[in-house]
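Residue-level structure breakdown
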Amino acid sequence: MFDILIKGGTVVDGTGAPGFAGDVAVKDGRIAAVGRTIAGEARRTLDAAGRIVAPGFIDPHTHFDVQLLWDGAARPALEHGITCVVPGNCSLSLAPLKAADRKCLVGMFQQIEEMPPQAFTEAFEWTWEDFAGYRDAIAAKLQLNVAPLVGHSVIRLWVMGADAQQRAARPDEIAAMQDLLRECLEARAVGLSTSFVDVDERGHPVPSRFAGFDELDALCAVLGEFGRMLQIVPEFYATDITLARVDQLAELSIKHDIPTTFSPLFDSAATPQNVPRTLARVEEQFARGARVWPQMQTRPIDISFSLLRPSLFFGRLPRWVRVLRLPLAERLAALRDPATADKMVEDAGPDGGLAMLGELVLRGGDAAPAELAGRTLAQIAAERDESPARALINLSLENGLDVAFLAASRGHDATARIGPMLASPFVHIGASDGGAHLASFATYGDTGYLFSEFVRKSGALSLEAAVKKITSDTAEIWGLKDRGLLQAGKSADIVVFDAATIGRGEERPLFDMPGDGMRYVRDAIGIEAVVVNGEVAWEGGAYTEARAGVVCELA
Amino acid sequence: MSAAIAKTKPAPGLDDAVVEAAEIVAGHDGAAELLVRLRHGNGVSSALTLDPDTGFDLLRAAGAASLDGLIGQSWRDLTRGLWEL
């Protein structure tokens, strides 16, 4: 008897082959059979008529390291069909970490994740120092699978202490880092992450940025012993430097026979040659035998700001620049001064800022009245009988400046350009940043957006190609054993979804972080059921009690 | 992933690049960032993106009231000014 039989769906097995009408049977956490018609009884039958049955999606760039300690589903990732996440990116992981260094690392994590301090003091107990200890701390609660990276910055911190953020390592220290990395890889770290751009909460470069190439080379030699991944954040703000990093990664990949990946890589009208030039270099390096995978996100990039912090959004308006650069108390005084406010409104144009500011959306989740969330500034201004610029100033003043506005789709937003990029065999779809930037934007729903925008709307990818991109391709790139395919014997990670509706919901604030902390999320659309290692983990819009997630076995 | 440009002293021999355009672009982390397009002495153009703090520092170093005030300024002088802030 099967545990689960998923009947009558369209099976898209992750290989890229055309979908076919069929069934999928599950037993003991594995896929028992896939076929046109599977006979036999099952403890549980899922009717998938009119639905797609596909391997669970894999998200290769997340920062769920902390959240996984109290939320084994990495909500809402799982309900979007994600059955495996890779945390520990950008040089930061929660292990290995000496107790004395916790405070230091928390500051770095808060910079990236924007998580409230209570997340680190109330939501879990620090029970570990080594990587295996962290792995065990998350393992008991997992509802989805995890393939954690170990961060270069924490490895440096362990070996060098405070010097990790001050200098290059000595040969004996590099040797100690190699030993420590080896220990982490033996404890099932999927690879090493490093960063050339990240900063801590004081704006200081994270420890990995102080490493010389000899150190990175030595660590990659250890990765080579296991064939594991090197993930980096390159200097993505300048194409020429990114190209140099591609070349550097290629040398490391070939020398040590390891896969490498870098993120983010994104397109914009302002830098239209960034992706084409980078992909051309990546293709050249693949031809040499290197494995250098650029990760590209699916979602457009929005600009978000409030008047609490100076934003370059107003960089073309001299009076706004002058006021917003003032210290907070003086900024408030200037904004309250009628003459100054009049000049700022004047600066925004003869239409009172309608063209420049009218489409801004008030975001919610902050001090602004909840009923205004999701509405445009033009709408709100009209109701207040004010110009948009005046309404922006007054609304901000009425709420202690804690009112966030969103300028939607201001980068990586040209579907006609990005679709073919995502479809490129040299592009690894990822870079969601799930679990990071919590108070800035929602990092969930990129997979739904892949299907709604690039399969249904633009047709840049077939459904089968899109599924392959975020299942078997990802599993193969990262060396995740038995994941990413609907084939007998593979782990039973399955998502059942409606191809006609799968997508992402509107961004909304949610106060579910420790200490009532706020984050932006997006709900899943069109996902019917998610199965993790043979157990239904999400179904009919609700999480189940299943705790079948594991720390992934590696090929 | 939050980017920050290291403020380093301009290297001797840096060519005579000038700012030919300055634009607001969306940073990957949702911030408005500053894209500076440079025209180098040999005629080649290049672009780099600065995070908000560095962008505002650059305006300050340039004595510019807005982005338009950066146009035509020497990149060597701007980066020197950035270092001296």
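Residues numbered from 1 in each chain as written. Chains lettered and ligands numbered in written order. Predicted model: local features only at pLDDT ≥ 70, side-chain atom pairs only at ≥ 80, totals over all residues.

**Re the overall build of chain B**
If you tally the helices and strands in chain B, you get 2 helices and 3 strands. Mapped in sequence order, the helices and strands of chain B form the string β-β-β-α-α. Buried positions account for 46% of the 85 residues belonging to chain B. Residue pairs at least 24 apart in sequence account for 48% of intrachain contacts in chain B once pairs closer than 6 positions are excluded. (Helix = DSSP H or I, 4+ residues; strand = E, 2+ residues; numbered from the N terminus. Buried ≥ 20, exposed ≤ 12 C-beta atoms within 10 Å, placed from the backbone. Contact = placed C-beta atoms within 7 Å.)

**Side note on the interface of chain B and chain A**
Contacts between chain B and chain A engage 27 residues on the former and 38 residues on the latter. Looking at the side of chain B that touches chain A, the elements with two or more residues in it are strand 1 (18-26), strand 2 (32-39), strand 3 (45-50) and helix 1 (52-62) of chain B. For the side of chain B that touches chain A, the residue count by class is 16 nonpolar, 7 polar and 4 charged. (Nonpolar A, V, L, I, M, F, W, Y, C, P; charged D, E, K, R; others polar.)

**Some details on the environment of Trp75 of chain B**
Residue and element names in this part refer to chain B. Structurally, Trp75 is set in helix 2 (residues 75-84). Exposure remark for Trp75: the 22 C-beta atoms within 10 Å place this residue in the buried category. Residues Trp75 and Arg39, 36 residues apart in the sequence, show an inter-C-alpha distance of 9.3 Å. With residues near it in sequence (within four places) discarded, Trp75 still touches Ala17, Val18, Val19 and Leu38.

**Notes on the environment of Phe266 of chain A**
Along the chain, the position of Phe266 of chain A falls in the loop between strand 12 (260-262) and helix 8 (274-287). Contact partners of Phe266 of chain A, with chain neighbours within four places excluded, come to Met296, Gln297, Ile301, Gly411 and His412 of chain A together with His28 of chain B.

**Details of the sheet that holds strand 1 of chain B**
Residues and elements named next belong to chain B. Ordered in space as 1-2-3, the 3 strands form an open sheet in which the pairing is antiparallel. The outermost strands of the open sheet, each flanked by one partner alone, are strand 1 and strand 3. Mean inter-strand twist for the sheet, computed between neighbouring axes without regard to direction, equals 25°. The pairing of strand 2 with strand 3 spans 6 bridges and is classified as antiparallel. Within the sheet, the bridge partner assigned to Leu35 lies in strand 3 and is Thr49. The sheet strands contacting helix 1 are strand 2 and strand 3, and the helix crosses strand 2 at an angle near 55°. (Pairing = 2+ DSSP bridges. Axes fitted to C-alpha atoms, helices over the stretch in contact; angles between N-to-C directions.)

**Digging into the sheet that holds strand 7 (residues 82-85) of chain A**
All names here are of chain A. If you walk across this open sheet you meet the 3 strands as 6-7-8, and the pairing is parallel. The two strands at the open ends of the sheet, each matched to only one other strand, are strand 6 (57-59) and strand 8 (145-146). The pairing of strand 7 with strand 8 spans 2 bridges and is classified as parallel. Across the sheet, Cys84 pairs through a bridge with Asn145, a residue of strand 8.

**Topic: unusual backbone geometry**
All names here are of chain A. Of note, the amide linkage connecting Ala95 to Pro96 takes the cis form, showing an omega dihedral of -5°. Mapped onto the secondary structure, Pro96 falls in the loop between strand 7 and helix 1 (102-113). Looking along the chain, the bond that leaves Ser263 and enters Pro264 is cis, with omega of 5°. As for its placement among the helices and strands, Pro264 is situated in the loop between strand 12 and helix 8. The phi dihedral of His412 falls on the positive side, at around 50°, and the residue is not glycine. Even without being glycine, His437 reaches a positive phi, approximately 50°. Checked against the element boundaries, His437 lands in the loop between strand 17 (428-429) and helix 16 (446-457). Using a count of 23 C-beta atoms within 10 Å as the deciding quantity, one classes His437 as buried.

**Thoughts on the domain arrangement of chain A**
Considered domain by domain, chain A is made up of domain 1 (57-299 + 418-482) and domain 2 (303-409). Each of domain 1 of chain A and domain 2 of chain A has a C-alpha centre, and these two points are 36 Å apart. (Domains from an automatic or database assignment.)

**So, the nonpolar core**
All names here are of chain A. Counting residues in hydrophobic clusters, the biggest one holds 205 residues, and the most contacted among them are Val24, Leu144, Leu181 and Val531. In this structure, this core is formed jointly by two domains, domain 1 (57-299 + 418-482) and domain 2 (303-409), each of which donates at least three residues. When neighbours within four sequence positions are excluded, Leu181 is seen to be in contact with Val150, Ile155, Leu192, Leu219 and Val222. (Core = buried A, V, L, I, M, F, W, Y, C linked by C-beta atoms within 7 Å.)

**Structural notes on helix 13 (residues 377-384) of chain A**
All names here are of chain A. Residues of helix 13 that are buried: Leu377, Ile380 and Ala381. Angular distribution of buried residues about the axis of helix 13 spans 100°; they occupy a single face of the element. At its buried positions, helix 13 is contacted by helix 12 (354-357), strand 15 (361-362), helix 14 (388-398) and strand 16 (405-411). Among the residues trailing helix 13, Asp385 stands out with phi positive, at a value near 55°. (Arc of directions from axis to C-beta.)

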